[in-house]
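# Structure assessment
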Amino acid sequence: MSLSVYPRLLDKLVCPHCWAEFAPEDALWIATHASLYGDDKLGEGELRRFLPSRFTPDNKAIDPEGAEATETGCPRCHLKIPRRLFEMPVVFFSILGAPGSGKSYLLASMIWQARQSMAERFQMLLTDADAAMNARLIEYEERQFLSAQPDQLTWLPKTEEQGTLYNRVQMPDRAVNLPRPFLFSLSPGEGHPNEDKKTALSRVLCLYDNAGESFLPGADESTGPVTGHLARSEALLFCFDPTQDPRFRAECEGKTEDPQMTGAGRSGGQSIRQDSILLEAINRVRQKAGMREDEKISATLVVLVTKWDAWRNLLPDVATDPPFGKVERDREAIDEDLILQTSAKLRDLLRRTCPELAAAAATVSNEVIFMPVSATGRRPELDPKSGQLGIRPKDIRPQWAEVSLIYLLARRFRGLIDVGRRKPGQTGRG
C-alpha cells in the first residue's frame, strides 16, 4: 500500500486510541462508498476499513466499490488516525482529577488561553489537528469564550464514563471503551526565531481527559482500558479541588464568600479522598509498565490546585498574572524562577492543610510541580431555576490556566518556547 500522498512520513506511529504501534504502510483506509457501511470492530454505523489493492494516480486508495478514500485508520482498533500523526512526532499528556474538580472548565480555559498566549507571546501556533475529534472541547471553548449571550449564566456538562468522550470497539476478546483524545498541532509561526526549522520542530499534542469516576479505587475497568493512556503520558496534570476538602475550607473561613467554600452551591456532598484517586491512577501506570509498587514514574506530575479565585487569599504574595515576560532576553520567555517559587509556596500550603496529598505526590514522581489555577477567575453564581453553578462568559478571566501546558511543552521541546531564568538582582517580570 502507498501513503506517498503524505509529504513526510514517520517510520512508526502510535495510535492515539489504543496505543498500538505500527508502520505507516500498515494503516487501513476508510471506505467512502455509501454501500460500505458496517465495520467488524466499530459497528454498523461506521464505514468499513480496508487494505487497498488499487490507487488513484495521485496515490489515494480506492475502496472496494471504486470510490476514492481519503482517511486512514488504526490496523488494531480501526479508529481514525488523522494525517498529522503520520507526519509529526506525538507527545502524550493526561489530565485527571476527582469528580467535580472542575476539569472540563479548566481544560477549555487551558486550551483557549494557550492558543492566544502561544501566538501573541511566543509566535507559536496551537491548532486543532482534527476538528471532529476536538469537537467537544471546541464546544466548551465556545460556551465559555464565544457565547452569543455573554450576560447569561452558562455551565459545562459533567464528563461521563460513557458517551462522547469514548469510542466503543469490538476487540478479539471483548468490547472495550477507548478514550477519545484531543489532538493539536504545535508548530513555529511567523516571526518565530526557528521558523525555518518548522518541519523538524512541529509536533502533535495528544491530550486525554477522563471522568473522575474512572479513577476511584476499585473502579471496574472490565469494559476496557479507559485509563491506559496514563502509561504513555509524559506528563500527568492532576486537578486537586480544595473546595472538596473540609480542612482547606476551614483554612479559608472568614477569608472568602465563595459559595463553593462556604457550602452554598458546593458540587456534591460527601468529600472524596483525592489523594487516593491520584495513587490509584499511578498504580495503573505501574501495573501497565511492570513497575514495583514503590517505584516512581518517569512522567512529570503537575498538581493543579483549582478554583484559585476562591482561595487566593491563602497565597497573597502570588500574582495572578501569568509568569511570562522578558526575563533574560528581548524575546518573551517563561519565568521558571517564579513558577518554581510559587510551586514551593503552594506545596507548603498543602503540607499544612492536606498533608496526605503532598506526601502522595512526592511518592509518585521525582519531578512534582504545584500550580494554582482558576478556569474562570471569579466565583460562580447559583442559578435559582436549575440549581446549577454557572458563570457569565463576559466575566471569565482565567488565571494561570494555560501555564502548566505551555511550561511542559517548552521544557519537552527545546527551541519552541524559551524558558528563562532571572538575571542577578532581577525580582519581577520585565
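Residue indices follow the written sequence of each chain, beginning from 1 at its first position. pLDDT decides what is reported in this predicted model: residues at 70 or higher carry local features, side-chain atom pairs at 80 or more are listed and counted, and totals for whole chains, interfaces and linings draw on all residues regardless. With hydrogens and water stripped out, all remaining heavy atoms of the structure feed into the side-chain values.

## Concerning the sheet that holds strand S16 (residues 300-305)
Heads up, the condition is: DSSP bridges decide pairing: two strands pair if at least two such bridges lie between them. Numbering of helices and strands runs from the N terminus; a helix is a DSSP stretch of H or I covering at least four residues, while a strand is a stretch of E covering at least two. In this analysis, axes come from line fits to C-alpha atoms, helices being fitted only over the stretch in contact, and the angle between any two N-to-C directions falls in the range 0 to 180 degrees. Residue contacts are defined here by distance: any two heavy atoms, one from each residue, within 4.5 Å place the two residues in contact.
Spatial strand order, S10-S13-S14-S9-S15-S16-S19: seven strands in an open sheet with mixed pairing. Looking along the sheet, the strands with just one partner apiece sit at the ends: strand S10 (124-128) and strand S19 (368-372). Each adjacent strand pair in this sheet contributes to an overall mean axis angle of 25°, direction not counted. Relative to strand S13 (residues 182-188), S10 runs antiparallel, the two being bridged by five bridges. In the sheet register, Asp128 faces S13, and the bridge partner there is Phe184. Its contacts with the sheet place helix H9 (residues 336-353) against strand S15 (235-240), S16 and S19, and it is angled at close to 85° to S19.

## Describing helix H11 (residues 403-412)
Worth spelling out the cut-off: The buried label goes to any residue with under 20% of its type's maximum accessible area, the exposed label to any with over 50%, and the partly exposed label to all in between, with areas taken from a 1.4 Å probe on protein chains only.
For H11, the tally of buried residues reaches eight of 10 residues, placing the bulk of the element in the interior. Turning to H11, its buried residues are Val403, Ser404, Leu405, Ile406, Tyr407, Leu408, Leu409 and Ala410.

## Regarding the packing of aromatic side chains
Put simply, the rule reads: Paired rings are identified among Phe, Tyr and Trp, the last through its six-membered ring, by centres lying within 6.5 Å, and are further divided according to the angle between planes into stacked (under 30 degrees), edge-to-face (over 60) and tilted (the rest).
Within the structure shown, the criterion is met by seven aromatic pairs. Between Phe122 and Phe324, the aromatic rings sit 5.4 Å apart at their centres with planes inclined by 85°, giving edge-to-face as the arrangement. Of the two residues, Phe122 is situated in helix H2 (residues 103-122) and Phe324 in strand S17 (residues 324-325); the sequence distance between them amounts to 202 residues. We note that Phe122, like Phe324, is buried.

## A short note on the nonpolar core
The nonpolar side chains of a soluble globular protein tend to be buried with one another. For clarity, the threshold we go by: The nonpolar core is taken to be a set of buried Ala, Val, Leu, Ile, Met, Phe, Trp, Tyr and Cys residues, with the residues joined through side-chain atoms within 4.5 Å.
Formed by 86 residues in total, the largest nonpolar core has its most connected members in Phe93, Phe248 and Trp311. The element contributing the most residues to this core is H2, with eight residues. Core analysis: the second largest hydrophobic core is formed by 27 residues, Ala20, Leu42, Met88 and Leu178 among them.

## A short note on the packing of H2 against H11
To keep things clear, this is the line we draw: We call two directions roughly parallel when the angle between them is under 35 degrees, roughly antiparallel when it is over 145, roughly perpendicular when it lies between 65 and 115, and oblique otherwise. Put simply, a crossing is left-handed when the front helix is turned counterclockwise from the back one by less than a right angle, and right-handed when it is turned clockwise. Residues are grouped as follows: Ala, Val, Leu, Ile, Met, Phe, Trp, Tyr, Cys and Pro are nonpolar; Asp, Glu, Lys and Arg are charged; all remaining types, including Gly, are polar.
Here H2 crosses H11 at 55°, and the two axes come no closer than 9 Å. Accordingly, the angle class assigned to the pair H2 and H11 is oblique. Every pair of crossing elements has a handedness; the one defined by H2 and H11 is right-handed. Residues Met110, Ile111, Ala114, Ser117, Met118 and Phe122 of H2 form the contact with H11, whose participating residues are Ser404, Leu405, Ile406 and Leu409. Tallied by class, residues from the contact of H2 with H11 come to eight nonpolar, two polar and no charged.

## A few points about the side chain of Ser187
Here Ser187 shows up in strand S13. Setting aside anything within four residues of it in sequence, one finds Ser187 in contact with Met124, Leu125, Lys198 and Ser202.

## Structural notes on unusual backbone geometry
Glycine aside, a negative phi is what most residues show, and trans is what most peptide bonds show. If you check the backbone angles, Asn59 has positive phi at about 70° while not being a glycine. For Asn59, the location among the structural elements is in the loop between strand S6 (49-50) and strand S7 (71-73). Of note, the phi angle at His78 is positive, near 75°, even though the residue is not glycine. Locating His78 in the fold gives a position in the loop between S7 and strand S8 (80-81).

## Quick notes on the pairing of S16
By the criterion of burial, S16 is predominantly enclosed, with six of the six residues buried. With burial as the criterion, each face of S16 is covered, one bearing Thr300, Val302 and Leu304 and the other bearing Leu301, Val303 and Val305. Pairing of S15 with S16 involves six bridges; the strand directions are parallel. Looking across to S16, one finds that Leu237 is bridged to Val302. Bridge count for S16 against S19 is five bridges, and the pairing is parallel.

## Concerning the pattern of salt bridges
Counted only if it meets this: For this document, the term salt bridge refers to a Lys or Arg side-chain nitrogen within 4 Å of an Asp or Glu carboxyl oxygen.
In this structure the tally under the stated criterion is 25 salt bridges. One salt bridge connects Lys345 with Asp317, and the closest N-O pair in it is separated by 3.0 Å. Placement of the pair is Lys345 in helix H9 and Asp317 in the loop between helix H8 (308-311) and S17, with a sequence separation of 28 residues. On the accessibility criterion, Lys345 (33% relative accessible area) is partly exposed. Classification of Asp317 by relative accessible area gives exposed; the value is 53%. Each of Glu71, Lys80 and Asp130 takes part in salt bridges that share partners, so that together they form one network.

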